[in-house]
Amino acid sequence: MTVAIIRFGGSNCDRDALRALEHLGIDAEIVWHDDGLPADSSGIVIPGGFSYGDYLRAGAMAARAPIMDEIRAAAEEGTPVLGVCNGAQIGSEGGLTPGAFTTNRSARFQCEPVHLRVENAETPWTEAFEEGEVIEVPIAHGEGRFEVPDDHLDMLNDENRVLFRYCDADGNVTDETNPNGSKENVAGVLGADDNVAVLMPHPERASLPDIGPTDGQGVLLGFQ
Amino acid sequence: MTAYTATVTVRLKRGVLDPEAETTQQALERLGFELDDLRSADRFEVDLDAADADDAEARATEMAERLLANPTIHDYTVEVAEA
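Residues numbered from 1 in each chain as written. Chains lettered and ligands numbered in written order. Predicted model: local features only at pLDDT ≥ 70, side-chain atom pairs only at ≥ 80, totals over all residues. Heavy atoms only, no water.

So, on to the nonpolar core. All names here are of chain A. In terms of nonpolar packing, the biggest core is built from 43 residues, with Leu-21, Leu-82, Leu-116, Trp-125, Phe-164 and Phe-223 touching the most fellow members. Residues in contact with Leu-82, not counting those within four places in the same chain, are Ile-44, Val-45, Ile-46, Trp-125, Ala-197, Leu-199, Val-219, Leu-220 and Phe-223. Among the nonpolar cores identified, the runner-up in size contains 19 residues, and Val-31, Ala-63, Ile-71 and Val-196 belong to it. (Core = buried A, V, L, I, M, F, W, Y, C linked by side-chain atoms within 4.5 Å. Buried < 20%, exposed > 50% of the residue type's maximum accessible area, 1.4 Å probe, protein only. Contact = heavy atoms within 4.5 Å.)

A side chain with one charge may pair with a side chain of the opposite charge, provided their charged atoms come close. Residue and element names in this part refer to chain A. Enumeration according to the criterion identifies 16 salt bridges over all chains in this entry. Among the ionic pairs, Asp-14 bridges to Arg-7, the shortest N-O distance being 2.4 Å. Asp-14 sits in the buried class, given a relative accessible area of 2%. Glu-93 is paired through a salt bridge with Arg-64; the nearest N and O atoms lie 2.6 Å apart. Taken as a pair, Glu-93 in helix 3 (residues 86-93) and Arg-64 in the loop between strand 3 (41-46) and helix 2 (67-76) lie far apart in primary sequence, 29 residues in all. Residue Arg-64 is classed as partly exposed on the basis of its relative accessible area, which comes to 33%. Counted as one network, the salt bridges with shared partners bring together Arg-117, Glu-119, Arg-165 and Glu-184. (Salt bridge = Lys/Arg side-chain N within 4 Å of Asp/Glu carboxyl O. Helix = DSSP H or I, 4+ residues; strand = E, 2+ residues; numbered from the N terminus.)

Here we come to the interface of chain A and chain B. Between chain A and chain B, the contact holds 16 residues from the first and 14 residues from the second. Where chain A abuts chain B, roughly 1,200 Å² becomes buried across the two surfaces, and 63% of that area is made up of carbon and sulfur atoms. Our enumeration of links across chain A and chain B arrives at zero salt bridges. Our enumeration of links across chain A and chain B arrives at five residue pairs in polar contact (both at pLDDT 80 or more). Contributing elements (two or more residues each) for the side of chain A that touches chain B: strand 5 (100-102) and strand 8 (145-147) of chain A. For the side of chain A that touches chain B, the residue count by class is six nonpolar, four polar and six charged. (Buried area = accessible area lost by both parts, 1.4 Å probe. Polar contact = N/O pair within 3.5 Å; in protein donor to acceptor, adjacent residues only side chain to side chain. Nonpolar A, V, L, I, M, F, W, Y, C, P; charged D, E, K, R; others polar.)

On to the environment of Asp-54 of chain B. Residue placement: Asp-54 of chain B occurs in helix 2 (residues 53-68). In this structure, the C-alpha to C-alpha distance between Asp-54 of chain B and Val-80 of chain B, residues 26 residues apart in sequence, is 8.5 Å.

Quick look at the structure:
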């Protein structure tokens, strides 16, 4: 029972994810995408980075790699799948989750801590939190603006599939607390079922007590 | 089979924010140009052999659907000409 952390050419948060999961006592290994998904994978992390140089669109190339067929099949069977940052872009490009992550409103790469309000605490990725709880996790992206047609956004809201929204320290969700111009401050969403989630902020970078806040641990506990 | 060039033009849907185009417009204005608006687009020229123009267009359209465009945020056009 091992969580597979999928490494593409240009992934660079794979080792961070490994270290964070190991710290939580969750068995994990890095898997080169071209070697295929190990049959006994108990979970899948699509890590952050700059796979294939963000050519065409961030995540577009990795989302068409053959291993994505295996990941989609595993997701349908209920295997937990988490896409973080570039992994979120790959997940949305690959149809695991709705919407798209595109160029920040600022047109700049932004690397900064943000506050997130937990919108749905009844998922594997958020059950460590309370609904409405505010956590602090860093972002580091140039293409994190969540875009989605309005009718799909309504569906996501109706089905309670928004995991996190960017907010201030008190949980207020406003345009000022929206770092990248995402629709309705959405920072992370669920796929068709709650075993699949993507988010732009980096929980694995907020999981080791030695280097700062550990609010991200709760997200990674979705693999427990 | 005939050689064709399919030109696929991918642009953001109307109403989708384009920060790169805004930044480019600002740079043009800084250079002293006057303009009302600016839109950018990606253009792909695909050379392919096909039975006829319809076949070439169908294949280029599938390329746009499956990779060149992201239907969530993009519209695209496909034009085919004999190479």
